[in-house]
Amino acid sequence: MKREEVTGIASGTGSSAQNYADNVVFGASRGHGFAAEKANHLKDVFSGKEAQHVGGDNIKNGADRIVDGVNIQTKYCNSGSKCISECFQGGTFRYLNSDGTPMQIEVPSDKYHAAVQAMEERIQRGQVPGVSDPKQAKDIVRQGAFTYEQVRNIARFGTVESLTYDAVNGIKLAGTSMGISAALCFAVAVWNGEDVEKALESACYTGLKVGGITWISSIITAQLGRTGIEQGLRGTTDWLVQRMGYKATAWIANGLRSGNAIYGKAAANYVSKLLRGNVVAGIVTTLVFSSADFVRLFNGRISVEQVFKNITVTGSGVAGGTGGWMVGAAAGAAVGSAIPVVGTAVGGIIGGLFGAFAGGTVATSATSAILDQFIEDDAKKMLSILEGVFGKLALDYLLTEDEAKIVVEEMQDKDLPRTLRDMYASASKLEFAENLLKPLIEKQAKKRKKIFLPADEKVIEKTGQVITSLIEVEA
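Rules used in this analysis
Residues numbered from 1 in each chain as written. Predicted model: local features only at pLDDT ≥ 70, side-chain atom pairs only at ≥ 80, totals over all residues. Heavy atoms only, no water. Pairing = 2+ DSSP bridges. Helix = DSSP H or I, 4+ residues; strand = E, 2+ residues; numbered from the N terminus. Core = buried A, V, L, I, M, F, W, Y, C linked by side-chain atoms within 4.5 Å. Buried < 20%, exposed > 50% of the residue type's maximum accessible area, 1.4 Å probe, protein only. Expected span 1.5 Å × (residues − 1). Bend = angle between axes of the 7 residues up to and from the residue. Patch = residues over 30% accessible without salt bridge, like charges linked within 9 Å, V, L, I, M, F, W, Y side chains within 5 Å. Areas by Shrake-Rupley, 256 points an atom, 1.4 Å probe, with all protein chains shown as cover. Salt bridge = Lys/Arg side-chain N within 4 Å of Asp/Glu carboxyl O. Lys, Arg positive; Asp, Glu negative; His and termini not counted. Charge placed at Lys NZ, Arg CZ, Asp CG, Glu CD. Phe/Tyr/Trp six-rings, centres within 6.5 Å; stacked < 30°, edge-to-face > 60°. Lys NZ or Arg CZ within 6 Å of the ring centre and 35° of its normal. Contact = heavy atoms within 4.5 Å. Axes fitted to C-alpha atoms, helices over the stretch in contact; angles between N-to-C directions. Parallel < 35°, antiparallel > 145°, perpendicular 65-115°, else oblique. Left-handed = near helix turned anticlockwise from the far one by under 90°. Nonpolar A, V, L, I, M, F, W, Y, C, P; charged D, E, K, R; others polar.

1. Description of the pairing of strand E3 (residues 70–74)
The pairing of strand E2 (residues 65–67) with E3 spans three bridges and is classified as antiparallel. From the neighbouring strand, Val-67 faces E3, where its bridge partner is Val-70. Following E2, the chain reverses through two residues before pairing antiparallel with E3; Asp-68 in that reversal takes a positive phi of roughly 50°. Strand direction decides the pairing type here: E3 and strand E6 (residues 104–107), joined by three bridges, are parallel. Residue pairing for E6: Gln-73 is matched across the bridge by Ile-105.

2. Here's the deal with the nonpolar core
In terms of nonpolar packing, the biggest core is built from 22 residues, with Phe-93, Ile-105, Met-119, Val-128 and Val-141 touching the most fellow members. Looking at this core, the elements that each hand over two or more residues are helix H3 (80–85), E6, helix H4 (112–124) and helix H5 (137–140). The element best represented in this core is H4, accounting for six residues.

3. Quick look at helix H18 (residues 429–445)
In a regular helix each residue adds 1.5 Å, so 17 residues correspond to 24 Å; H18 covers 24 Å between its end C-alpha atoms and thus fits that length. Along its length, H18 shows its largest kink, about 30°, at Lys-438, and proline Pro-439 lies within four residues downstream of that point. All of the buried residues along H18 are Ala-433, Leu-436, Leu-437, Leu-440, Ile-441, Gln-444 and Ala-445.

4. So, a negative patch on the surface
Residues Glu-194, Asp-195, Glu-197 and Glu-201 make up a contiguous surface patch of negative charge. Under the relative-accessibility criterion, Glu-197 is labelled exposed at 58%.

5. Some thoughts on the packing of aromatic side chains
Tallied over the full model, the rule gives three aromatic pairs. Where Phe-88 meets Phe-93, the ring centres are 5.4 Å apart and the plane angle is 70°; that geometry is what we call edge-to-face. Judged by relative accessible area, Phe-93 falls into the buried class, the value being 2%. Looking at Arg-122, its charged tip hangs above the ring of Phe-88, at a distance of 4.4 Å from the centre. One residue, Lys-429, lies across the ring of Tyr-424, its end atom 5.3 Å from the ring centre.

6. Considerations on the environment of Cys-83
Within the secondary structure layout, Cys-83 lies in helix H3. For the pair formed by Cys-83 and Ala-115, sequence separation is 32 residues and the distance between their alpha carbons is 6.7 Å. Not counting residues up to four positions away in its chain, the partners in contact with Cys-83 are Lys-75, Tyr-76, Cys-77, Val-107 and Pro-108.

7. Overview of unusual backbone geometry
Outside of glycine, negative phi angles account for most residues, and trans bonds account for most peptide bonds. If you check the backbone angles, Asn-61 has positive phi at about 55° while not being a glycine. By the element assignment, Asn-61 lies in the loop between strand E1 (51–53) and E2. For Asp-68, which is not glycine, the phi torsion reads 50° and is therefore positive. Its place among the elements puts Asp-68 in the loop between E2 and E3.

8. Focus on the packing of helix H2 (residues 31–46) against helix H7 (residues 160–191)
Running from amino to carboxyl end, H2 crosses H7 at an angle of 45°, the nearest separation of the two axes being 11 Å. Here H2 is positioned oblique relative to H7, judged by the angle of their axes. For the crossing formed where H2 meets H7, the hand is left-handed. Taking contact as the criterion, the partners of Lys-38, Ala-39, Leu-42 and Phe-46 in H2 are, on H7, Tyr-165, Val-168 and Asn-169. In the contact of H2 with H7, the residues fall into five nonpolar, one polar and one charged.

9. Examining the sheet that holds E6
Within the open sheet, the five strands sit side by side as E1-E2-E3-E6-E7. Their pairing is mixed. Taken across any chain shown, the strands that pair with only one partner, and hence form the sheet edges, are E1 and strand E7 (141–143). Pairwise comparison of adjacent strand axes, ignoring direction, gives a mean angle of 30° for this sheet. Across the face of the sheet, H4 comes into contact with E6 and E7 while running at roughly 175° to E7.

Structure, rendered in structure tokens:
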């Protein structure tokens with residue numbers, strides 16, 4: 001994994017983990033209500049509206065969403081009348097704006113007309129403060145973008161609706177990691193002296209690769225969060241959080257989330273969910289990133305040992321980068337909150353970038369160095385064979401130093417990693433190496449000047465001169 005890929009992958013994995021943590025509520029008894037908030041919010045965002053999802057602030061009788069300045073309370077129940085009855089306490093409408101006017105109540109699209117009718121009846125009874133005209137019910141009740149059954153399916157594993165929601169939501173996550181990796185790749189290429197056009201091409205390739213991995217990984221991670229895996233990991237992460245203590249968990253939680261600060265059990269629960277998200281997202285990202293190695297393994301182009309080593313190194317890079325992103329983001333947010341110009345959000349992003357880059361790079365290098373002592377890369381084995389065959393052919397063809405350098409340069413111009421994998425998959429690696437090198441060596445040999453041996457008389461004459469000079473030296 002390249003250094004510039006590590007940071008983008010870590011950002012994507014961290015975002016997937018946070019998304020996993022935020023979606024744990026889908027599994028609650030009223031999880032479809034949270035799914036309704038998130039789905040309608042996502043639709044408004046992609047529709048270009050100025051939308052905020054604020055339900056997580058837990059303000060009593062507060063808005064769940066704010067769209068273009070309008071406060072919205074989302075109620076997705078199995079009937080229109082139930083949606084409206086949920087908005088009343090002691091016979092009085094309880095969701096009011098700061099000026100005393102009613103907030104909009106968002107209901108399932110297929111329950112809208114029944115909900116309007118139920119609101120009209122409530123207005124007629126005088127249960128909505130400041131509203132006496134039943135016709136205003138249509139201004140208070142807002143038709144959601146999704147039906148009741150659709151949001152119930154969004155909260156479930158493996159449904160078309162949940163896959164669609166995760167795919168669309170994943171675009172946002174992938175876009176961020178794609179941009180980070182592309183920007184870093186472009187900068188590194190330019191610093192290394194590459195042409196701007198070439199650097200841009202390389203940056204686009206890296207960005208698309210990282211963005212694609214993040215997108216696929218985010219969908220799988222989000223889907224797994226709706227399965228029994230979530231419950232299976234809870235005991236372990238709760239235990240870890242208890243060992244961390246409330247002070248540390250509050251520091252991490254408030255550095256990584258937006259909204260009001262949380263402490264105590266609320267912070268511990270959030271960090272526990274985040275840890276579960278990181279475990280799942282890290283494993284999924286590592287497997288997606290390593291999918292090409294599995295294909296090569298099945299095609300006999302790479303060894304089991306090499307796949308194990310690659311996955312281990314990639315996994316350590318993902319884990320180190322994601323851990324660095326979390327700690328860096330939390331620390332950056334803490335520092336940023338103390339600097340008015342910077343702010344918590346910007347501080348978190350900057351800290352996350354530095355943390356991901358440092359954590360991922362160090363973890364990858366350390367793991368690779370350790371495994372190098374136990375597992376020799378397939379590439380090194382193949383290069384060792386190539387060196388042996390090259391030495392033999394160089395001797396057979398009496399290659400000069402300059403000719404040998406040219407052959408090596410032409411070898412380097414080839415797609416060497418692909419060539420070495422082809423060599424690994426070949427029936428006879430020695431024969432493959434010889435067939436690869438021989439044409440390059442013969443190409444140089446054909447460029448040599450033709451040698452014409454001197455006449456026999458000339459050879460005899462020169463031999464006599466040499467013998468004479470040797471006799472004179474001895475005398």
